[in-house]
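What follows is the residue order along each chain.
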Amino acid sequence: MVEAVIFDWDGTLADTMSVIVKSFQRMLAEVGCFVEDEFIERQIGIGPKNTFREILKAKSIPFDDAMLDDLVQKRTAIRLDMTGEPSLFEGAIDLLNALRGRVRMALA
């Protein structure tokens with residue numbers, strides 16, 4: 001019997017891909033790095049620092065941990081400013097309502 005359900009937010013309940021990609025693109029442009037959106041999308045899920053690391057490596061742009069940390073920090077602020085009201089995937093609210101009161105739910 002299922003006792004609890006833990007949901008991820010990005011890409012599970014909310015369609016945040018465009019905001020994620022745009023926030024990476026803005027920060028990459030600041031360091032003179034230009035990649036296709038699809039390149040960024042393929043990196044999603046490995047964490048922002050690793051995403052920046054892989055992209056900069058692929059484009060032969062020199063970096064260090066301090067630069068990566070700065071990019072991540074600034075990208076997080078930009079992403080929060082861009083988020084606004086979330087766009088939930090179709091059926092997300094219906095699913096949450098169906099589970100309400102039946103199992104414990106959490107958002108990771």
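Scroll up for the structure.
Sequence order sets the numbering: in each chain, residues are counted from 1 along the sequence as written. Under the rules for a predicted model, residues below a pLDDT of 70 receive no local features and side-chain atom pairs below 80 are neither given nor counted, while totals for whole chains, interfaces and linings still include all residues. As a rule here, side-chain values come from all non-hydrogen atoms in the structure, and water together with hydrogens is ignored.

(A) Region of interest: the packing of helix H1 (residues 17-30) against helix H4 (residues 65-83). At a minimum axis separation of 9 Å, H1 and H4 run at an interaxial angle of 135°. By the criterion of interaxial angle, the relationship of H1 to H4 is oblique. Taken as a pair, H1 and H4 cross one another with a handedness that is right-handed. Of H4, the residues touching H1 (which contributes Val19, Ile20, Lys22, Ser23, Phe24, Arg26, Met27 and Glu30) are Leu71, Lys74, Arg75, Ile78, Arg79, Met82 and Thr83. Note that Gly is not counted as nonpolar here; it falls among the polar residues with everything else outside the nonpolar set of Ala, Val, Leu, Ile, Met, Phe, Trp, Tyr, Cys and Pro and the charged set of Asp, Glu, Lys and Arg. Grouping the amino acids of the contact of H1 with H4 by side-chain chemistry returns seven nonpolar, two polar and six charged. Simply put, an axis is a line fit to the C-alpha atoms, just over the touching stretch for a helix, and the angle between two N-to-C directions goes from 0 to 180 degrees. A run of H or I in DSSP counts as a helix once it spans at least four residues, and a run of E counts as a strand once it spans at least two, with each numbered from the N terminus. Note on terminology: angles under 35 degrees are roughly parallel, angles over 145 are roughly antiparallel, angles of 65 to 115 are roughly perpendicular, and the others are oblique. Each crossing gets its hand from how the near helix is turned against the far one by less than a right angle, where anticlockwise is left-handed and clockwise is right-handed. For this analysis, residues touch if any pair of their heavy atoms sits within 4.5 Å.

(B) Just the packing of aromatic side chains, in detail. Two aromatic rings from Phe, Tyr or Trp, using only the six-membered ring of Trp, form a pair when their centres are within 6.5 Å; if the ring planes differ by under 30 degrees the pair is stacked, by over 60 it is edge-to-face, and anything between is tilted. Counted by the stated rule, this structure contains one aromatic pair. Considering the side-chain rings of Phe24 and Phe52, the 4.8 Å spacing of their centres and the 55° angle between planes classify their relative orientation as tilted. Here Phe24 is found in helix H1, whereas its partner Phe52 is found in helix H3 (residues 48-58), with 28 residues between them in sequence. Buried means the residue's accessible area, taken with a 1.4 Å probe over protein chains only, is under 20% of the maximum for its type, while exposed means over 50%, and partly exposed covers the values in between. You can call Phe24 buried: its relative accessible area is 2%.

Keep in mind these numbers describe shape, not what the thing actually does.
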